[in-house]
Structures are given as C-alpha cells and as structure tokens.
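A look at the structure
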Amino acid sequence: GDWSIQNADGSKICKVTSHRQQEIGAMQIDVDPQCGKVFPVMDDVASWRLLEGWEIVLADATRKALIRFFTPDNAY
C-alpha cells in the first residue's frame, strides 16, 4: 500500500508504495524519486520486510537493513 515516511515534525515527507510481491529475501517497494533529496538514505532502499513484533525494515539491494520502524502497540 501507499505510505508516507516523515520526520518528527512532518516538515519532510517521502512517499513509498509497498508491494506483497517477493524479491530475494524481501518484498518489493517503490520509492518516489524525490525521496533521496529529502532523506538521502532512501536512494538506496530496494525492498522491505516485516519482522516479528511488527518491525518494518527497509533494505538495500544486498538486503542490508537501512531503516527500522517499530511500533509500541502492534498497530500502524
């Protein structure tokens, strides 16, 4: 689905679309080309994974975790 990644005050926003189609060891993700200007690390994001405890990991093409999102209440 469509998601927005933003900083704490909401002044920087990046749009991504997560897909359920599997790639090697992860799921496909589309990252808005403008995201790298807002959050440079997003230029390297190539996939996403959902782990135990509802942790979402954005990874590069080698499956190295770049960003980890956690939720304190198992809800998004």
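This text goes with the structure placed above it.
Remember, predicted model here, so these are calculated numbers, not experimental data.

**Section: the overall build of the chain**
When its secondary structure is counted, the chain shows one helix and six strands. What you see in the chain, going N to C, is helices and strands ordered as β-β-β-α-β-β-β. The C-alpha extent of the chain, read off along each of the three principal axes, is 30 × 30 × 20 Å. Counting only residues that meet the buried cut, the chain has 29% of its 76 residues in that class. Nonlocal contacts in the chain, meaning residues at least 24 apart in sequence, comprise 19% of its contacts between residues at least 6 apart. Of the roughly 5300 Å² of accessible surface on the chain, a fraction of 52% belongs to carbon and sulfur atoms. A gap of 3 Å separates the mean positions of the 8 positive and 11 negative side-chain charges of the chain.

**Remarks on the nonpolar core**
A general feature of soluble globular proteins is that nonpolar side chains tend to end up buried together. Core analysis: the largest hydrophobic core is formed by twelve residues, namely Ile-5, Cys-14, Val-16, Ile-29, Cys-35, Phe-39, Met-42, Val-45, Trp-48, Ile-56, Leu-58 and Ile-67. Those elements that place two or more of their residues in this core are strand S2 (13-23) and strand S5 (55-59).

**Details of the sheet that holds strand S6 (residues 65-69)**
Here we have six strands laid out as an open sheet, ordered S1-S2-S3-S4-S5-S6, and antiparallel in their pairing. Two strands in the sheet have a free side with no partner beyond their single neighbour: strand S1 (2-6) and S6. Pairs of neighbouring strands in the sheet enclose a mean axial angle of 35°, with direction left out of account. As judged from the two bridges shared by strand S3 (residues 26-31) and strand S4 (residues 47-51), these two strands associate in the antiparallel manner. When the bridges of S4 are listed, Met-27 appears paired with Trp-48.

**Describing the pairing of S4**
Here S4 pairs with S5 via five bridges, running antiparallel. Within S5, the position partnered with Arg-49 by the bridge is Val-57. Hairpin connection of S4 to S5: three residues between the antiparallel strands, including Gly-53 at a positive phi of 75°.

**A short note on unusual backbone geometry**
With a phi close to 65°, Trp-54 is a non-glycine residue in the positive phi region. With respect to the helices, strands and loops of the structure, Trp-54 is situated in the loop between S4 and S5. For Trp-54, a relative accessible area of 39% translates into the label partly exposed. A positive phi is found at Arg-63, a non-glycine position, where the angle reads about 70°.

Cut-offs and rules
The residue numbering used here restarts from 1 in each chain and proceeds along that chain's sequence as written. Local features in this predicted model are restricted to residues of pLDDT 70 or higher, and side-chain atom pairs are both shown and tallied only at a pLDDT of 80 or more, whereas totals for entire chains, interfaces and linings draw on every residue. Hydrogens and water are ignored here; the side-chain numbers use all heavy atoms of the structure. A run of DSSP states H or I qualifies as a helix once it reaches four residues; a run of E qualifies as a strand once it reaches two. Both are numbered from the N-terminal end. We call a residue buried when its accessible area falls under 20% of the maximum for its residue type, exposed when it is over 50%, and partly exposed in between, using a 1.4 Å probe and counting protein chains only. Contacts are assigned to residue pairs that have any heavy atoms within 4.5 Å of one another. Accessible surface is estimated by sampling points in the Shrake-Rupley manner with a 1.4 Å probe; for residues, cover comes only from the protein chains shown. Note on charges: Lys and Arg go in the positive column, Asp and Glu in the negative column, and His and the chain ends are not counted at all. The atoms used to mark charge sites are NZ of Lys, CZ of Arg, CG of Asp and CD of Glu. We call a set of buried Ala, Val, Leu, Ile, Met, Phe, Trp, Tyr and Cys residues a nonpolar core when their side-chain atoms join them within 4.5 Å. By the convention used here, strands pair only if DSSP detects at least 2 bridges between them. Axis geometry follows a simple rule: fit a line to the C-alpha atoms, using only the stretch in contact for helices, then measure angles between N-to-C directions, giving values from 0 to 180 degrees.

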